[in-house]
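Spelled out, the chains give:
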Amino acid sequence: MNRALGYAVAAVPAVAFFATPFLPFADTTRLWFGLPAVLVWGVVWTLGTTAALAVTERLGTHRDEQEGTTA
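The rules behind these values
- Residues numbered from 1 in each chain as written.
- Predicted model: local features only at pLDDT ≥ 70, side-chain atom pairs only at ≥ 80, totals over all residues.
- Heavy atoms only, no water.
- Helix = DSSP H or I, 4+ residues; strand = E, 2+ residues; numbered from the N terminus.
- Expected span 1.5 Å × (residues − 1).
- Bend = angle between axes of the 7 residues up to and from the residue.
- Contact = heavy atoms within 4.5 Å.
- Axes fitted to C-alpha atoms, helices over the stretch in contact; angles between N-to-C directions.
- Parallel < 35°, antiparallel > 145°, perpendicular 65-115°, else oblique.
- Nonpolar A, V, L, I, M, F, W, Y, C, P; charged D, E, K, R; others polar.
- Phe/Tyr/Trp six-rings, centres within 6.5 Å; stacked < 30°, edge-to-face > 60°.
- Buried < 20%, exposed > 50% of the residue type's maximum accessible area, 1.4 Å probe, protein only.

It is not clear to me how helix α1 (residues 3–19) should be interpreted in this structure. Could you clarify?
Helical geometry note: an α-helix holds 3.6 residues per turn, so side chains three or four residues apart project in the same direction. Taking 1.5 Å of rise per residue, the 17 residues of α1 would be expected to cover 24 Å, and the 24 Å separating its terminal C-alpha atoms lies within 8% of that figure. The axis of α1 is deflected most strongly, by about 35°, at Ala11, and proline Pro13 appears within four residues downstream. Looking at the buried positions of α1, the neighbouring elements they touch are α2 (37–59).

I'm lost on the packing of α1 against α2 in this one. Help?
The description of two helices packed together rests on the angle between their axes and the distance between the axes. As a packed pair, α1 and α2 sit with axes 9 Å apart at the nearest point and diverge in direction by 170°. Between α1 and α2, the angle falls in the class roughly antiparallel. Here α1 contributes Gly6, Val9, Ala10, Val12, Pro13, Ala16 and Phe17 to the contact with α2, which in turn contributes Trp41, Gly42, Trp45, Thr46, Gly48, Thr49, Ala52, Leu53, Val55 and Thr56. Classifying every residue of the contact of α1 with α2 by side-chain character gives 11 nonpolar, six polar and no charged.

What am I meant to see in the packing of aromatic side chains here?
When we look at a pair of aromatic rings, we describe it by the centre distance and by the angle of the planes. What the rule picks out here adds up to three aromatic pairs. What links up through ring pairs into an aromatic cluster is the set Phe25, Trp32, Trp41 and Trp45.

Even after reading the chapter, I still don't get the environment of Pro13, so can you show me in this structure?
Position of Pro13 relative to the elements: it lies in helix α1. Overall, the relative accessible area of 2% leaves Pro13 in the buried class. In sequence terms Pro13 and Ala52 are 39 residues apart; their C-alpha atoms lie 7.7 Å from each other. Those residues in contact with Pro13 that sit more than four places away from it in its chain are Trp45, Gly48, Thr49 and Ala52.

What follows is the structure in C-alpha cells.
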C-alpha cells in the first residue's frame, strides 16, 4: 500500500477527534442513545481508529515480507 494512503486512512479518526470541540452536533447537551453526544462521538471514533489501524496493517507490506525472510 502506498505510504501516503496509509497515513490518510490513519489520519481520518485523528482529525475527527481534534475537530470534536468545533462540531456543533457533537459538542451539545443532547443525548444520543441515552448518553452525552460527545461520549458517543468519542466511542465511535475510538472504534474508527481501531478499524483504520487494522486496515493500514492489513493492506500494508512489511519489510520481512518484501525481503522474503521470516522471523
